[in-house]
Amino acid sequence: MEFDLLTHVESEKVVIGSIFAEPEKLNDCSLVPEYFGVRKHQIIFEVFKEMQKKGTPIDPVSVYGVAGESRLAIIGGLGALMDLADFNATNFEYHQGIVLEHYRQRKLNEIGKFISQNSGSGDVHEVMREAHEKFSKLEESGGGTEDKEQFRIKNVLLRTNE
């Protein structure tokens, strides 16, 4: 299994395990499936959200029953869900923040690659405009807080575009 270096797998496991232990934590969780760097964690979180919407109790066996065959193939089955249920911690908010921060770092990395790959071809102003849009979307993730490095890069782009 391949993991992105900008993914904090243990914190993702703690978030999922904490929700298994206390499903009501999902009500205050600011994460969305995309924020998880591990695909099976994204899928499990998607299932959590579906179950929450329907009012279905959240536990490993229920997730197993709701996930469906194709998603279970990625998740790894009931054993994998039971293993994740063991990863719960009292500092849910802290690990939720780590998951969000790593998502932002991955996105900043993607934006940097986009700029690097496209700056030598075509309209530079169009590349800057698209990069600015990507930065704006990233700003909106996680309650609108803004990373200092992201803010600095965005301002450089805006000054260059003037």
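Just above, that's the structure.
Computed from a predicted structure; not experimentally measured. (Residues numbered from 1 in each chain as written. Predicted model: local features only at pLDDT ≥ 70, side-chain atom pairs only at ≥ 80, totals over all residues. Heavy atoms only, no water.)

Concerning a nonpolar patch on the surface
Thought 1: Together, V61, Y64, L78 and M82 make up a nonpolar patch on the protein surface, roughly 340 Å² of accessible area in all.
Thought 2: Secondary structure elements with two or more residues in the nonpolar patch: α3 (60-67) and α5 (77-85).
Thought 3: Turning to its location among the elements, M82 is positioned in helix α5. (Patch = residues over 30% accessible without salt bridge, like charges linked within 9 Å, V, L, I, M, F, W, Y side chains within 5 Å. Areas by Shrake-Rupley, 256 points an atom, 1.4 Å probe, with all protein chains shown as cover. Salt bridge = Lys/Arg side-chain N within 4 Å of Asp/Glu carboxyl O. Helix = DSSP H or I, 4+ residues; strand = E, 2+ residues; numbered from the N terminus.)

Let's talk about the packing of helix α1 (residues 9-21) against helix α2 (residues 39-54)
Thought 1: α2 packs onto α1 with a crossing angle of 25° between their chain directions and a minimal axis gap of 11 Å. On the basis of the axis angle, α1 is roughly parallel to α2. In terms of crossing hand, the pair formed by α1 and α2 is left-handed. In contact with V9, E12, K13, I16, I19 and F20 of α1, α2 contributes H41, I44, F45 and F48.
Thought 2: For the contact of α1 with α2, the residue count by class is seven nonpolar, one polar and two charged. (Axes fitted to C-alpha atoms, helices over the stretch in contact; angles between N-to-C directions. Parallel < 35°, antiparallel > 145°, perpendicular 65-115°, else oblique. Left-handed = near helix turned anticlockwise from the far one by under 90°. Contact = heavy atoms within 4.5 Å. Nonpolar A, V, L, I, M, F, W, Y, C, P; charged D, E, K, R; others polar.)

Some thoughts on the environment of A89
Thought 1: Take A89: it is sitting in the loop between α5 and α6 (92-118).
Thought 2: For the pair formed by A89 and A21, sequence separation is 68 residues and the distance between their alpha carbons is 9.1 Å.
Thought 3: Sequence-distant contacts of A89, that is, excluding residues within four places in its chain, are made with V14, S18 and K25.

Re helix α7 (residues 124-140)
The periodicity of an α-helix, 3.6 residues per turn, causes residues three or four places apart in sequence to face the same way.
Thought 1: End to end, α7 covers 25 Å across 17 residues, agreeing with the expected 24 Å (1.5 Å per residue, within 8%).
Thought 2: The complete set of buried residues in α7 reads V127, M128, A131, F135, L138 and E139. Axial view of α7: buried residues confined to an arc of 115°, hence all on one face. Summarising the geometry of α7, the exposed residues directed more than 90 degrees from the buried face are K137 and E140. (Expected span 1.5 Å × (residues − 1). Buried < 20%, exposed > 50% of the residue type's maximum accessible area, 1.4 Å probe, protein only. Arc of directions from axis to C-beta.)

Focus: α3
Thought 1: Listing the buried residues of α3 in full gives P60, V63 and A67. Projected onto a plane normal to the axis of α3, the buried residues spread over an arc of 60° and lie on a single side. Residues of α3 that are exposed and angled more than 90 degrees away from the buried face: V61 and G65.
Thought 2: Summarising the contacts, the buried residues of α3 are in contact with α1, α2, α4 (69-75) and α5.
Thought 3: Where α3 starts, the residue carrying a side-chain oxygen 3.0 Å from the main-chain nitrogen of V61 turns out to be D59.
Thought 4: Of the residues one or two after α3, G68 is the one with positive phi, at around 85°. (Polar contact = N/O pair within 3.5 Å; in protein donor to acceptor, adjacent residues only side chain to side chain.)

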